Every structure is written in C-alpha cells, then in structure tokens.
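# Coordinate analysis (summary)
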Amino acid sequence: MLAKTALLVVSNPSQIGKILVNIHEKVKTTLYIQLLSALSGPLTFQPNVFTSSPMYSSLISNIYYQVSASITKKINRFNRLQAAKDCDSLDVRVLLSALKSKSLPKIRTLNTIDLVIFDRKYHDVEISRFVQGGIENIAADCPVLTFTSSEASGPLESAPTNNKVYEHTVLGGTFDRLHAAHKILLSEAVLRSSSKVTVGVTEENMLAGKTLWELTEPLDMRIQGVKDFLSDICSELDINVVPITDPLGPTRDDPTMNLLIVSAETAKGGRYVNEVRKEKSLPLLDVFEVDLINEPNPNPTEEEKISSSTMRMRLLGTLLKPPVGNTLIPDKPYVIGLTGGIASGKSGISQRLKELGAEVIDCDKVAHDVYKPGRPCHKQIVEVFGGTVIAANGEIDRPALGAIVFKSAEELDKLNNIVWPAIAEEVSARIRNSSCKVVVVEAAVLLKAGWEKYCHEVWTSFIPSKVAIERLINRNGLSEEQARSRVDSQLDNAGYIRMANVVFCSLWSKEFTISQVDRAWDLLQARLL
C-alpha cells in the first residue's frame, strides 16, 4: 500500500535521483526531504560546513533538478496511458527550517508523515530515537525503509557568490501548478530571508499571453499553493502571499523590502522595479537572479525550460475532472459529447476517435438531414426566414442562412429553437441503435443546447480566438468581420473548459493533436473496465 506522505532523510544528496526511482513506487502524494547534515540529532555523521543558509542554494537547486529528471524518466519509461496519469506527479518539498535555525527541536510538516526513508543504514536504536523524538507530526506505527546507494557521498555543492541574508525578500509570478523551478525560486527567497517573504501571484488579467492560459489554476488555488509550500518548508518566517495586477505589485511602495528574487527571463523586470522605486525615493532592492532549469527530456512541442506552460500542455487529453454519474441515459453505449469553438479542430479529433473504434455522430451533418425538403424543419425555416434562404435545388442555402443568423443573436435563437429539438431527437435515436461501446456526439452547440445532459462525459477542443479567426478567413473565405462575428457568437474558451472533463488543443502539429486524442482514448478505456 502506498504511503500518502513520506520523509526522506538524505545523507548523500548527489544520489537522490537514483533513490527516487524506488520512492515513486512507495509514496503517493508528498515527499519531504530533510538534509541530514542540517540536523543535530543522533544520525548526523557529516558536519555542516555551511555557515549561512544561502550557501545551500546550489545544493537545493540540484535536488529539485534531480527530482524533475527522475519524474521525466519515469514518464518516458512507461506508455502514454501511465504518462498521462503521472503528469501530476509526486510533490517533493525540501525542508529548510533546520538549515536556518541551529536550535530546531523537531521536524515539523503540514502533512502527517506516514513513512520514513533513509538513504543509508543505521542502527535500530538510532532510528527509533530519531523517529520518536525528531519528528513532530508522525503517524502511529510509522514504518521505516532504507534505500541505499552504492556510491559514496559526494562533495557538497559550491556556495553561491552572494551569501548575504536579508530581512525581507520578495518575488512574483504566476505559480501555476508548482513545479521544480517555482520551488527553487521560493526556496531561494526563504534561504535569503531572516524575517519575511512576500510573494505576488498574478491575477487573470496578466495571463492572456501565456501558452494555454485558459488551463491555469484559479487565483485562490495558486495563492494557497504558495502559502502551503512556504509554510511547509520553513514555518518560522512571516509569509505574505498577495494577488498582483501588474509587474510591480507590492514592490511599488513597500519600503521594508531588501531583496528581489528573479529568474533569468524576468531580470529585466527587476531593473524596472528599481527604476520605479528610485523615482519614489524608496530604497533600491538587491536583485538575485536564478538560472532557468532545462526540462530534462522535452518533446519537440514542449519548451526547453521547466515551465507551467509545459505542465499545462501535459494536461491535454487527460481527465481534468471526473465524470458525474448520469441517470438520464443508460450506461451503454458510453456517450462522449465532443464540443469546442469554431475551427478548433473538432473534425480531426472526431476522425481519430472513429479510427480508434468510436461511432461518431456529427450534429452538423444531422442538421443537414433535418433541413432537407419534406422534413418539418425545412418548412419552419422558410416560414421564419423567408424564401431567400432556399437554394435553386430546393435545399436550404446554408451560407445565406448563416449570413442572417450570425449577425443577430435574436435571429440565431429563432433558428436554434427550430433545429435543436429535431437534432436532439435524431441523435438520441442513433445512440439507442448503436452497436459500439463508445459513441461520440460532435456538436459545437452541445453546451448551449443543453445536450451535455445526454452525455457521460464532455470533451472540448479549443484554440485562441485570434487563431480561430485566422483559420476561418483562410479556410472559409470569410472577411475578418464575418469570422470575428462567428467566434464572438459562441461560448468563450473558459466557458467550454469549465464544463469539460477532457480538453484538447490543436494549436500545434496534427501529430501532437492525435497524441492527445490517443491519450484520452487510452484513459477512457481504463475507466470503462
């Protein structure tokens, strides 16, 4: 049985990557790492040669990099189904309290320790003394494991040039789904602060330029994630996490701040902060720049650096939220509602799902059928919109009809009230008669029409509205005004995603879109077992 939370006591940080391969099979949610050299208890065998906490900077960064590399190796080692499940992997947190305080009586963590792991063998008496007396929040009868490395302890990492400790450090960022690079930035702020750490977390108005920003966690969730992480790794500091609506945030007017932590790509912003502070006659901030961390094994679509954008890309095709049991429809066949904005790639996705074994019902084609002469909808459409929407062959002239309804929400509602009930009736009949295990109902208006109540899950494709407009101009020969009108007449991307169980994005290559669909299909098959 997997432990929910474990504590790893490390005597040899250089070998932590090898140990993590085994730990992934033992721990489910959170892994705390405690450097043995920072402790003063019975297990210490290596003296702490660092005289100030900033001297641990390189060592902590290297640990998080090894953690990231081990996760990537694990994902690459398994098939795409397991990779999808593991993309939100183990939350690793290096504890810093003992590095900053020489008199810390016990290891304190927010989560109860269910398992203690050592990277070298100790006598039973030493282990018992440490487990019982050295950890404050530990489960009763907590088991102990030892994963030894054959290699000897390596030398400690070299200390950074700037080892100064400041009273009040500050940094800012999106902090979406905390990853190794975030944890290094936050750890640097902790290592270099004697009293207070302030973190600014960007509000939604600052997200629009980021890749897949629509999948960013809500602001309150990101703020709480930063608070929990900082409180966990060093509860002794005053932690202040605030929302920010611009790059300056609280640095604009807080005179108590001393040090600004930036990444290599935001160093320019650090200079701007000091320019503004100088104009306001505020003390200038020292700036500490943290190097970017390369993604150990990025695929061709991902960024070379570890980033939230890559984390969001790895969510595509995975289950973002579990389906809610639907008592309105039978369990079989299993119905997927595939929706998304215009020109977002639904047709390519549904084609791949068809190749994988699903029956696809294209509601646009069903609409063609219910429009045909002799069907009730044909007569009603002509009565409401007039003879100008009839083509020479007697069929409904869809471009002519579209020119009317996409200019007026009122006219569009009239058409929907005629067509939607007829489509729903036809689709329901086809689902009942299907012999396939999975039926995909492809409908751009799925959510607007309320047809999600007939589906077990909703899958959504989306692309930025700017890209959708460009595709409509190039693909359909529309003017920019016409294309924009059609995009604006639908739900925005956030609305689609909010209702979706699984999300796709066709912004990149066709092969990458297919890989998202394959991942979603594999995970669906596992859910249907």
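Keep in mind it's a predicted model, so treat the numbers as computed, not measured. (Residues numbered from 1 in each chain as written. Predicted model: local features only at pLDDT ≥ 70, side-chain atom pairs only at ≥ 80, totals over all residues. Heavy atoms only, no water.)

## Topic: the overall build of the chain
When you go through the chain residue by residue, the secondary structure sums to 19 helices and 15 strands. Referenced to the eigenvectors of the C-alpha coordinate spread, the extents of the chain come out at roughly 90 × 60 × 35 Å. Residues classed as buried in the chain amount to 50% of the 529 residues present. Residue pairs at least 24 apart in sequence account for 79% of intrachain contacts in the chain once pairs closer than 6 positions are excluded. Between the centroid of the 60 positive side chains of the chain and the centroid of its 62 negative side chains there is a distance of 2 Å. (Helix = DSSP H or I, 4+ residues; strand = E, 2+ residues; numbered from the N terminus. Buried < 20%, exposed > 50% of the residue type's maximum accessible area, 1.4 Å probe, protein only. Contact = heavy atoms within 4.5 Å. Lys, Arg positive; Asp, Glu negative; His and termini not counted. Charge placed at Lys NZ, Arg CZ, Asp CG, Glu CD.)

## Describing the side chain of S309
Along the polypeptide, S309 turns up in helix α9 (residues 308-313). Excluding residues within four positions of it along the chain, S309 makes contact with T211 and E303.

## A closer look at the packing of aromatic side chains
How two aromatic rings sit relative to each other is given by the distance of their centres and the angle of their planes. In total, this model carries five aromatic pairs according to the counting rule given. On the numbers, 6.3 Å between centres and 70° between planes, the contact of W420 with W451 is edge-to-face. Remark: W451 occurs in the loop between α15 (446-449) and β14 (457-462) and W420 occurs in helix α14 (residues 409-432); sequence separation between them is 31 residues. As far as burial versus exposure is concerned, W420 and W451 are alike and both buried. With centroids separated by 5.6 Å and ring planes inclined at 85°, the aromatic side chains of W508 and F512 adopt a geometry described as edge-to-face. Judged by relative accessible area, F512 falls into the buried class, the value being 12%. Joined through ring pairs, the aromatic side chains of F118, Y122 and F130 make up one cluster. (Phe/Tyr/Trp six-rings, centres within 6.5 Å; stacked < 30°, edge-to-face > 60°.)

## Some details on the sheet that holds strand β3 (residues 91-94)
The five strands lie next to each other as β3-β2-β1-β4-β5, forming an open sheet whose pairing is parallel. Of all the strands in the sheet, just β3 and β5 (144-146) have a single pairing partner and so form its edges. Taking the axes of each pair of neighbouring strands and ignoring which way they run, one obtains an average angle of 20° across the sheet. Pairing of strand β2 (residues 27-35) with β3 involves four bridges; the strand directions are parallel. Considered in β3, the bridge of L31 is made with V92. Across the sheet, helix α5 (residues 124-134) touches β1 (3-10), β4 (115-118) and β5, and the angle it forms with β4 is around 135°. (Pairing = 2+ DSSP bridges. Axes fitted to C-alpha atoms, helices over the stretch in contact; angles between N-to-C directions.)

## A look at the nonpolar core
Core analysis: the largest hydrophobic core is formed by 76 residues, its most contacted members being I23 and V199. Broken down by element, the residue count for this core peaks at eight residues, all from helix α6 (residues 180-191). Setting aside residues up to four positions removed in sequence, V199 forms contacts with L171, F175, L186, V226, L230, N240, V241 and V242. By size, the runner-up hydrophobic cluster in this structure holds 34 residues, among which are A367, F385, I396 and L447. (Core = buried A, V, L, I, M, F, W, Y, C linked by side-chain atoms within 4.5 Å.)

## Observations regarding the sheet that holds strand β15 (residues 502-505)
In space, the five strands of this open sheet follow the order β12-β13-β11-β14-β15, with parallel pairing throughout. Looking at strand neighbours, the two that pair on one side only are β12 (359-362) and β15, the edges of this open sheet. Strand-to-strand twist of the sheet, defined as the mean angle between neighbouring strand axes without regard to direction, takes the value 20°. Strand direction decides the pairing type here: strand β11 (residues 334-340) and strand β13 (residues 438-442), joined by five bridges, are parallel. Paired with L338 across the strands is E442, a residue of β13. Relative to the sheet, helix α19 (residues 510-528) contacts β11, β13, β14 and β15, its axis offset from that of β15 by approximately 165°.

## Some thoughts on the pairing of strand β8 (residues 238-244)
If a strand is regular, its side chains alternate between the two faces of the sheet. Pairing analysis gives seven bridges linking strand β7 (residues 193-202) to β8, with the strands arranged parallel. Note on β8: the bridge partner recorded for V199 is V241.

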